[in-house]
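Observations on chain architecture
Chain residues, written in single-letter form:
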Amino acid sequence: MNLIMIFDYKEMNWVLVLLSILGLAILFLSSFLLSKTKLSSWRKRKLDHISFLLYIGALRALNSNFYDILAIFLISVLIVGILSIIPSVKLFDFFVSKDHRIDEPKKELSVNIILTALMLIYVFFITLDVPFAFVGGIMVLSLGDGMGELVGRSFGKSKIIRNYTKTIEGSLAVFLGSLTALTITYYIYQISIIENFIVIFLLAIFATVLEFICKNLFDNLCIPLLISISIYALNM
């Protein structure tokens, strides 16, 4: 896995760019089909959350040319923008309507989506020379936070604090999901897992604590931001 970001528009891999756009289209289609199932709305939302974040992580891991990533980003924004202003489609409104929590105003979710996107762009640029820092943060948010809610809401019985939604089962799932996410990240970048196991273990604990103390809207911001910065700082 290439650890160095290349800035060369002459070396753009247009096949990879087109395949990435196709992958995004498949994600949108799968999300639409998922919306037609009988799964509970929160499970649909969380599965969307996991799959789209895994896509972003894979996109960064597979692309080492800045201009490839820029082309994918601009084309994706253009396509989503066009589909969002077509009255019969309204793609952005579709996701906001489908994925908002019952107790969460749609306007609040829209703001959260925009803030998360801006945060990811910021983290992408500050970790250009340590790319697995960005991927690690995204993977932890996807698998750690994702598994935490799926397990916690489905099987969580033991409240950590009375009158608080977090459960021991959910937090354990966050830890194991984060541990798995970081292990996968280190593996795909061919960084020794054994030599860095203590670091991976401590980062997974840190992610679990962040998920516990951050409320619904803020975990999408603080988990990838702080985990990515932590990985970056440890590898400078």
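**Topic: helix α8 (residues 197-213)**
- Its 17 residues place the ends of α8 24 Å apart at the C-alpha level, agreeing with the 24 Å of an ideal helix rising 1.5 Å per residue.
- Those residues of α8 not exposed but buried are I200, L203, A204, A207, T208, L210, E211 and F212.

**A few points about helix α7 (residues 168-188)**
- The end-to-end C-alpha distance of α7 is 30 Å, a good match for the 30 Å that 21 residues give at a rise of 1.5 Å each.
- Restricting attention to buried positions, one finds in α7 the residues G170, S171, A173, V174, F175, G177, S178, L179, A181, L182, T185 and Y186.
- With its phi angle positive at about 55°, Q190 sits one or two positions after the end of α7.

**Here we look at the pattern of salt bridges**
- Counted by the stated rule, this structure contains five salt bridges.
- Between D145 and K46 there is a salt bridge, with the nearest N and O atoms lying 3.2 Å from each other. With a gap of 99 residues between them, D145 in helix α6 (residues 131-155) and K46 in helix α2 (residues 41-62) connect regions that are remote in the sequence. There is no split in this pair, since D145 and K46 are both buried.
- Of the charged contacts, one joins E211 and K166 as a salt bridge, the two residues approaching to 2.8 Å between their closest N and O atoms. One end of the pair, E211, is in helix α8; the other, K166, is in the loop between α6 and α7, with 45 residues separating them in the sequence.

**With respect to the environment of Y67**
- Its location among the elements puts Y67 in helix α3 (residues 66-85).
- With sequence-adjacent residues up to four places away left out, Y67 is seen in contact with F7, D8, Y9 and M12.

**Quick look at a nonpolar patch on the surface**
- A cluster of nonpolar side chains, L70, F73, L74, V77, V111, I114, L115, L118, I121 and F125, forms an exposed patch at the surface whose accessible area comes to about 870 Å².
- Those elements that place two or more of their residues in the nonpolar patch are α3 and α5 (106-126).
- In terms of residues, the nonpolar patch owes the most to one element, α5, which gives six residues.
- Inspection of the secondary structure assignment puts F125 in helix α5.

**Quick look at the packing of helix α1 (residues 14-35) against α3**
- At a minimum axis separation of 10 Å, α1 and α3 run at an interaxial angle of 35°. In the packing of α1 onto α3, the handedness of the crossing is right-handed. Mapping the contact onto sequence places W14, V17, S20, I21, L24 and F28 in α1 and D68, A71, I72, I75, S76, I79 and V80 in α3.
- Counted by class, the contact of α1 with α3 contains 10 nonpolar, two polar and one charged residues.

**What to know about the side chain of S171**
- Positionally, S171 belongs in helix α7.
- Residue S171 is classed as buried on the basis of its relative accessible area of 11%.
- Non-local contacts of S171, meaning those with residues more than four positions away in its chain, are made with I160, T208 and F212.

**What about the packing of aromatic side chains?**
- Enumeration over the complete set of coordinates arrives at 12 aromatic pairs.
- With 5.6 Å between their ring centres and 80° between their planes, F66 and Y67 make a pair best called edge-to-face.
- The exposure class of F66 is buried, given its relative accessible area of 15%.
- The exposure class assigned to Y67 is partly exposed, which follows from its relative accessible area of 30%.

Calculation notes
Residues numbered from 1 in each chain as written. Predicted model: local features only at pLDDT ≥ 70, side-chain atom pairs only at ≥ 80, totals over all residues. Heavy atoms only, no water. Helix = DSSP H or I, 4+ residues; strand = E, 2+ residues; numbered from the N terminus. Expected span 1.5 Å × (residues − 1). Buried < 20%, exposed > 50% of the residue type's maximum accessible area, 1.4 Å probe, protein only. Salt bridge = Lys/Arg side-chain N within 4 Å of Asp/Glu carboxyl O. Contact = heavy atoms within 4.5 Å. Patch = residues over 30% accessible without salt bridge, like charges linked within 9 Å, V, L, I, M, F, W, Y side chains within 5 Å. Areas by Shrake-Rupley, 256 points an atom, 1.4 Å probe, with all protein chains shown as cover. Axes fitted to C-alpha atoms, helices over the stretch in contact; angles between N-to-C directions. Left-handed = near helix turned anticlockwise from the far one by under 90°. Nonpolar A, V, L, I, M, F, W, Y, C, P; charged D, E, K, R; others polar. Phe/Tyr/Trp six-rings, centres within 6.5 Å; stacked < 30°, edge-to-face > 60°.

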